[in-house]
Amino acid sequence: MSGEPLLSVRDLRIGVAGRDKAAAFEPVVGASLHARRGEVVGVVGESGSGKSLTLRAIAGLLPAGVEVTGGAIDVDGIDVTAAGRSQLRGMRGGVVGMVFQEPMTALNPTMRIGAQIVEAVAAHANVSRAAARGRSLELLERMGFTEPERRYRLYPHELSGGMRQRVMIAIALAGEPSLLLCDEPTTALDATVTMRVLDLLVGLAADLDIAVVLVTHDLGVVARTCARVVVMYAGRMVEEGLAADVLQRPRHPYTLALLRAVPTRDATIEELEAIPGAPPILTAELPGCPFAPRCAFSEPACLEAVRTEAIERGRTTACRRHELLAVNGSLA
Amino acid sequence: MSAPILELEGLGVRYGGKRRLWHKEPPFDAAIDVDLAIEPGEALAIVGESGAGKSTMARCVAGLQRPTSGSIRFQGRPLDLRARADRRAIQMVFQDPYSSLNPRMKIGAALSELLLVNGVVPNRAAALERCAELLEMVGMPVAALERRPSAFSGGQRQRIGIARALAVEPTLLVADEPVSALDVSIQASILLLLRRLQRELGLTLLFISHDLAVVHQLCDRVAVMCDGRVIEQGSVAEVFSAPQQEFTQQLLAAATELPPLEVPAEVR
């Protein structure tokens, strides 16, 4: 967990071209993210916070009409924003593996799962059929499948949601990537299955010494799996730090509001707090803090400019008044 | 203890088992021998994993699914879905608020149609008035009446879905995973809304969920389902603090709890 980060995203901006200038907007404005080998990093935020787009940009998989308009993405020495199509093709699968939310739509329903894993293995290594098959069985076993030979012959519809997601992870790992990107991998799964898939991801990061970036809206998932976490809001990074720190001692009012909105088993519903208002519309220019209009701690200056500050090593917040949230802080 | 408003006795739902050309389809039991009772004004949760039969139960109660065995008694009489009174008295809120609203109809038109068809209001003018009241009740601006579902976010659509269910003044509200498609911050506001409505209108709530923390906050009693059977039921406090069944224990262990917040006292 030391040395140069494998993935580093700095001040990433992503723009969507509109029919005219007025329709164009930037869903991501200044996202930064770093991940080292052996580490699981969480990216949390609500729908529309830009977390999934950031992840897609890292894999060079932005949809048509959506472009990186600023900042830098560096994956294991590859400058993704400047890379050409063939370089990106080589990177995807070989350096970067990706797991999507919906395993049923990502798998081919007419192919046995074994064949799909073999296809992924063969695409990245010049191996014989037998060797590819052996490697696929090995991957299935690594994913926690009992009797891999029998599972190998099954079709996606014969598997449960959790098994499908594990097959997806196997395919993503077929090219032996050093970075695994997961976009809401457990959202469609049951709690007990979620737990198993998450524990698998944590184990993979450590055993294979790969970096895992996990995009999720579930703070419980972050608490369970991530060493570090980045909180996003309205396309901006609002807070970053060790997951244990951020979840227990948030230093951005948005993180605090999000944590308070999570139902827990030892609180009553009266303690549950909804966040007032709605996220900003991203077509408008926002010079200040995007959360300020909904924030209980905001002051007029918050609407004018944002400053991202490092509080301690590896811990940053985009709140000017973060000291109000510090345990020994005082009210200004 | 007053008489239960809803009683399920030995309820079972079996799919398949039909004779095909060459073989007989193996039957599948989505629900087996379910006994449940809800008191008036109570919030009962059904929890379990996907495929446990939770939604099947909800659909039976709402009359969207015909049970293959057992009986449902509502307000002391067998539930009769041909009677408009019973259909009106039980309303459902669905998981996906988008597919449960007609995308072509303005919210006002959809709600007033419902009010007029069910004879809740005598005329169109009264219907519009009532629509405005309903929207206010769920915390939506009256201007929403003139817009179509596509103009709203998931949380707003769910509010409209709740307004739709409440339009015909039900006594029992069946909510099938009403917040699982929503973001956390919005989830909280919908839960608070359901709680407030339940208290203010004296609604009885049958709440289907896989999220134990949500159930803990909203419901009085809980029934745990596994493979079509109710394996454990009791008060939320009882079941969550001392689960008797191994499956319930697993379910509780799988729910990740966040560490307690450490923020200054003024902030709290």
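What you see is a predicted model, and the numbers here were worked out from it, not measured in a lab. (Residues numbered from 1 in each chain as written. Chains lettered and ligands numbered in written order. Predicted model: local features only at pLDDT ≥ 70, side-chain atom pairs only at ≥ 80, totals over all residues.)

Novice: A description of the overall build of chain A should follow, citing residues and the corresponding values.
Specialist: From N to C terminus, chain A includes 11 helices and 12 strands. Taking 332 residues into account, the globule formula puts the C-alpha radius of gyration at 20 Å, and chain A, at 21 Å, falls close to it. Taking the principal axes of the C-alpha coordinates as reference, chain A spans close to 70 × 50 × 40 Å. Sorting the 332 residues of chain A into buried and exposed places 46% on the buried side. Relative to all contacts within chain A whose residues are 6 or more apart in sequence, the contacts with residues 24 or more apart total 64%. (Helix = DSSP H or I, 4+ residues; strand = E, 2+ residues; numbered from the N terminus. Rg over C-alpha atoms; globule rule 2.2 N^0.38 Å. Buried ≥ 20, exposed ≤ 12 C-beta atoms within 10 Å, placed from the backbone. Contact = placed C-beta atoms within 7 Å.)

Novice: Can you break down the overall build of chain B residue by residue, with the values?
Specialist: The helix and strand inventory of chain B stands at 9 helices and 10 strands. On C-alpha atoms alone, chain B measures out to a radius of gyration of 20 Å, which is about the 18 Å that the 2.2 N^0.38 rule sets for 268 residues. The principal-axis extent of the C-alpha atoms belonging to chain B is close to 65 × 55 × 45 Å. Every one of the 268 residues in chain B was classed for burial, and the buried ones make up 41%. Relative to all contacts within chain B whose residues are 6 or more apart in sequence, the contacts with residues 24 or more apart total 66%.

Novice: Provide a residue-level description of the packing of helix 3 (residues 107–117) of chain B against helix 4 (residues 124–137) of chain B, including the pertinent values.
Specialist: Residue and element names in this part refer to chain B. Contact geometry of helix 3 with helix 4 gives a least axis separation of 9 Å together with a crossing angle of 115 degrees. Here helix 3 and helix 4 pass one another in a crossing that is right-handed. Side by side, helix 3 and helix 4 meet where Gly108, Leu111, Ser112, Leu115 and Leu116 of the first sit next to Arg124, Ala127, Leu128, Arg130, Cys131 and Leu134 of the second. Tallied by class, residues from the contact of helix 3 with helix 4 come to 7 nonpolar, 2 polar and 2 charged. (Axes fitted to C-alpha atoms, helices over the stretch in contact; angles between N-to-C directions. Left-handed = near helix turned anticlockwise from the far one by under 90°. Nonpolar A, V, L, I, M, F, W, Y, C, P; charged D, E, K, R; others polar.)

Novice: Describe the confidence of the model for chain A, with residues and values.
Specialist: Of the residues in chain A, 96% reach a pLDDT of 70 or more, and the chain-wide mean stands at 88. Helix 3 (residues 103–106) of chain A is the least confidently modelled element of chain A, averaging 78 in pLDDT, while strand 3 (residues 40–44) of chain A averages 96, the highest of any element. (pLDDT = per-residue confidence, 0-100.)

Novice: Any details on unusual backbone geometry? Residues and values, ideally.
Specialist: A positive phi angle is found at Asp209(A), which is not glycine, with a value near 55 degrees. Here Asp209(A) shows up in the loop between helix 8 (191–207) and strand 8 (211–216). The exposure class assigned to Asp209(A) is partly exposed, which follows from the 14 C-beta atoms found within 10 Å. Even without being a glycine, Glu177(B) presents a positive backbone phi close to 50 degrees. By secondary structure assignment, the location of Glu177(B) is in the loop between strand 7 (172–176) and helix 6 (184–201).

Novice: Any chance you could break down the sheet that holds strand 5 (residues 78–79) of chain A for me, citing the residues and the numbers?
Specialist: Residues and elements named next belong to chain A. Taken together, the 4 strands give an open sheet; going across it, the order is 2-1-4-5, and neighbouring strands pair in antiparallel fashion. At either end of the open sheet lies a strand with only one pairing partner, and these are strand 2 (25–35) and strand 5. Strand direction decides the pairing type here: strand 4 (residues 66–75) and strand 5, joined by 2 bridges, are antiparallel. Residue pairing for strand 5: Val75 is matched across the bridge by Ile78. (Pairing = 2+ DSSP bridges.)

Novice: So what about the pairing of strand 9 (residues 221–226) of chain B? Which residues, and what values?
Specialist: Residues and elements named next belong to chain B. Within strand 9, 6 of the 6 residues are buried, which leaves the element mostly enclosed by the surrounding structure. Residues Arg221, Ala223 and Met225 of strand 9 are buried on one face, and the alternating residues Val222, Val224 and Cys226, pointing to the opposite face, are buried as well. Inspection of the sheet shows strand 9 paired to strand 10 (residues 229–235) by 6 bridges, in the antiparallel sense. Bridge pairing in strand 10 places Arg221 opposite Ser235. Linking strand 9 to strand 10, which pair antiparallel, is a turn of 2 residues; within it Asp227 sits at a positive phi near 50 degrees.

Novice: Describe the packing of helix 8 of chain A against helix 9 (residues 246–254) of chain B, and please don't skip the residues or the numbers.
Specialist: Axis angle and axis distance: for two packed helices, these are the angle between their axes and the distance between the axes, and together they describe the pair. Relative orientation of the contacting elements helix 8 of chain A and helix 9 of chain B amounts to 55 degrees, with a least axis distance of 8 Å. When the axis of helix 8 of chain A is compared with that of helix 9 of chain B, the two are oblique. You can see that helix 8 of chain A and helix 9 of chain B cross each other, and the crossing is left-handed. Contacts from Ala191(A), Thr192(A) and Met195(A) in helix 8 of chain A reach Gln250(B), Leu251(B) and Ala254(B) in helix 9 of chain B. For the contact of helix 8 of chain A with helix 9 of chain B, the class distribution of residues is 4 nonpolar, 2 polar and no charged. (Parallel < 35°, antiparallel > 145°, perpendicular 65-115°, else oblique.)

Novice: For helix 8 of chain A, give the residues involved together with the corresponding values.
Specialist: Compared with the 24 Å implied by 1.5 Å per residue over 17 residues, the 24 Å span of helix 8 of chain A between its first and last C-alpha is a close match. The set of residues buried in helix 8 of chain A consists of Ala191(A), Val193(A), Thr194(A), Met195(A), Val197(A), Leu198(A), Leu201(A) and Ala205(A). (Expected span 1.5 Å × (residues − 1).)

Novice: An account of helix 4 (residues 113–124) of chain A is requested, with residue identities and associated values reported.
Specialist: Residue and element names in this part refer to chain A. The end-to-end C-alpha distance of helix 4, which contains 12 residues, comes to 18 Å, matching closely the 16 Å that a straight helix rising 1.5 Å per residue would cover. For helix 4, every residue scored as buried is listed here: Ile113, Gly114, Gln116, Ile117, Val118, Ala120 and Val121. In this structure, the buried residues of helix 4 make contact with helix 2 (85–94), helix 5 (129–142), helix 6 (148–151) and helix 7 (161–173).

Novice: I'd like a rundown of the environment of Val80(A), residues and numbers included.
Specialist: Residues and elements named next belong to chain A. Here Val80 is to be found in the loop between strand 5 and helix 2. Judged by the 22 C-beta atoms lying within 10 Å of it, Val80 falls in the buried class. For the pair formed by Val80 and Ile169, sequence separation is 89 residues and the distance between their alpha carbons is 23 Å. Contacts of Val80, omitting those with residues within four sequence positions, involve Ile58, Gly60, Ile73 and Val75.

Novice: Please set out the pairing of strand 9 (residues 228–233) of chain A residue by residue, giving values where relevant.
Specialist: All names here are of chain A. With 6 of 6 residues buried, strand 9 is to be regarded as a mostly interior element. Bridge count for strand 3 against strand 9 is 4 bridges, and the pairing is parallel. Across the sheet, Val43 pairs through a bridge with Val230, a residue of strand 9. Bridging between strand 9 and strand 10 (residues 236–242) involves 6 bridges; their strand directions are antiparallel. Looking at strand 10, one finds that Met232 is bridged to Met237. Connecting strand 9 to the next strand, strand 10, in antiparallel fashion are 2 residues, including Ala234 with a positive phi near 50 degrees.

Novice: Any details on the nonpolar core? Residues and values, ideally.
Specialist: In this structure, Ile58(A), Leu179(A), Val213(A) and Phe207(B) are the most contacted members of the largest nonpolar core, which totals 177 residues. The dominant element in this core, judged by the number of residues it contributes, is helix 7 of chain A, at 8 residues. The contacts of Phe207(B), once residues within four sequence positions are left out, are Ala43(B), Leu44(B), Ala45(B), Ala175(B), Val215(B), Leu218(B) and Cys219(B). (Core = buried A, V, L, I, M, F, W, Y, C linked by C-beta atoms within 7 Å.)

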